[in-house]
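# Structural features, examined
One-letter residues, chain by chain:
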Amino acid sequence: MMSDDQAKVPKRWARVSAAEAHGLRRGAWYAVVNDARPLVVLDVNKRHRPVNREYLEFREGPPDRWSVVQRNPTDLPAKRASGADLEATYGVCPRCYERSNLVDGEPRLKCMSCGEDSEVDWSNPC
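Source: prediction; values computed, not measured. (Residues numbered from 1 in each chain as written. Predicted model: local features only at pLDDT ≥ 70, side-chain atom pairs only at ≥ 80, totals over all residues. Heavy atoms only, no water.)

Within this structure, the stated rule accounts for nine salt bridges. Put simply, E60 and R12 hold a salt bridge, and the shortest N to O gap is 3.2 Å. One end of the pair, E60, is in strand β5 (residues 56-60); the other, R12, is in strand β1 (residues 12-16), and 48 residues separate them in sequence. With a relative accessible area of 47%, E60 lands in the partly exposed category. A salt bridge links R65 to D121, with the shortest nitrogen-to-oxygen separation between them at 3.6 Å. On the criterion of sequence distance, the pair formed by R65 in the loop between β5 and β6 (66-70) and D121 in strand β10 (residues 117-121) is long-range, its members being 56 residues apart. By relative accessible area, which is 32% here, R65 ends up partly exposed. (Salt bridge = Lys/Arg side-chain N within 4 Å of Asp/Glu carboxyl O. Helix = DSSP H or I, 4+ residues; strand = E, 2+ residues; numbered from the N terminus. Buried < 20%, exposed > 50% of the residue type's maximum accessible area, 1.4 Å probe, protein only.)

See the structure below:
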């Protein structure tokens, strides 16, 4: 018989690694609903969204640091990003997915939307 600890399987999360991946927000982590091949089903605002595995990066457990998004400054920003007046490098909050401009090398950032104060993950930009 399995103990309660053994029965708890860490939830997998995924984020898109390419701007063209089905219109999902770059830098935002989504809960994995079904890890099938070749499509992975993600929970996007309580809707199941199939995404090709090749566009995804995975992690165990929910995000705990700001994602750093680096887009090519010559590319047009996504409609939502341009409305937020974002620079070519910006952060995505691990709790509410709000975006914010970053100061290069800034170790922590407090989200103006939800108040979450978290480290910035400069080591793994997307």
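Applying the stated criterion to the full structure yields one aromatic pair. The interplanar angle of 40° and the centroid separation of 6.2 Å between the aromatic rings of Y30 and Y97 together place this pair among those described as tilted. Remark: Y97 occurs in the loop between β7 (89-92) and β8 (99-101) and Y30 occurs in strand β2 (residues 30-34); sequence separation between them is 67 residues. If you follow R59 out to its NZ or CZ, it ends over the ring of W29, 5.7 Å from the centre. (Phe/Tyr/Trp six-rings, centres within 6.5 Å; stacked < 30°, edge-to-face > 60°. Lys NZ or Arg CZ within 6 Å of the ring centre and 35° of its normal.)

Most of β6 sits inside the fold, with four of its five residues counted as buried. Here β6 pairs with β10 via two bridges, running parallel. Within the sheet, the bridge partner assigned to S67 lies in β10 and is D121. (Pairing = 2+ DSSP bridges.)

Taking strand neighbours across the sheet as the criterion, the five strands line up as β4-β3-β2-β1-β5 in an open arrangement whose pairing is antiparallel. This sheet does not close on itself; its edge strands, each paired only once, are β4 (47-52) and β5. Put simply, the sheet's adjacent strands are angled 45° from each other on average, direction ignored. (Axes fitted to C-alpha atoms, helices over the stretch in contact; angles between N-to-C directions.)

Per-residue pLDDT for the chain averages 83, and the proportion of residues at 70 or more is 80%. When mean pLDDT is compared element by element in the chain, β10 scores highest at 97, while helix α1 (residues 4-7) scores lowest at 44. When the criterion is pLDDT under 50, residues 1-10 qualifies, and its contacts beyond four places in sequence or with other chains add up to three contacts. (pLDDT = per-residue confidence, 0-100. Contact = heavy atoms within 4.5 Å.)

On to unusual backbone geometry. Omega for the peptide link from R37 to P38 comes to 0°, which places this bond in the cis form. Its location among the elements puts P38 in the loop between β2 and β3 (39-44). Phi angles above zero are rare outside glycine, and K46 is one such case at about 65°. Along the polypeptide, K46 turns up in the loop between β3 and β4. The backbone of Y97 shows a phi angle near 70°, a positive value even though the residue is not glycine.

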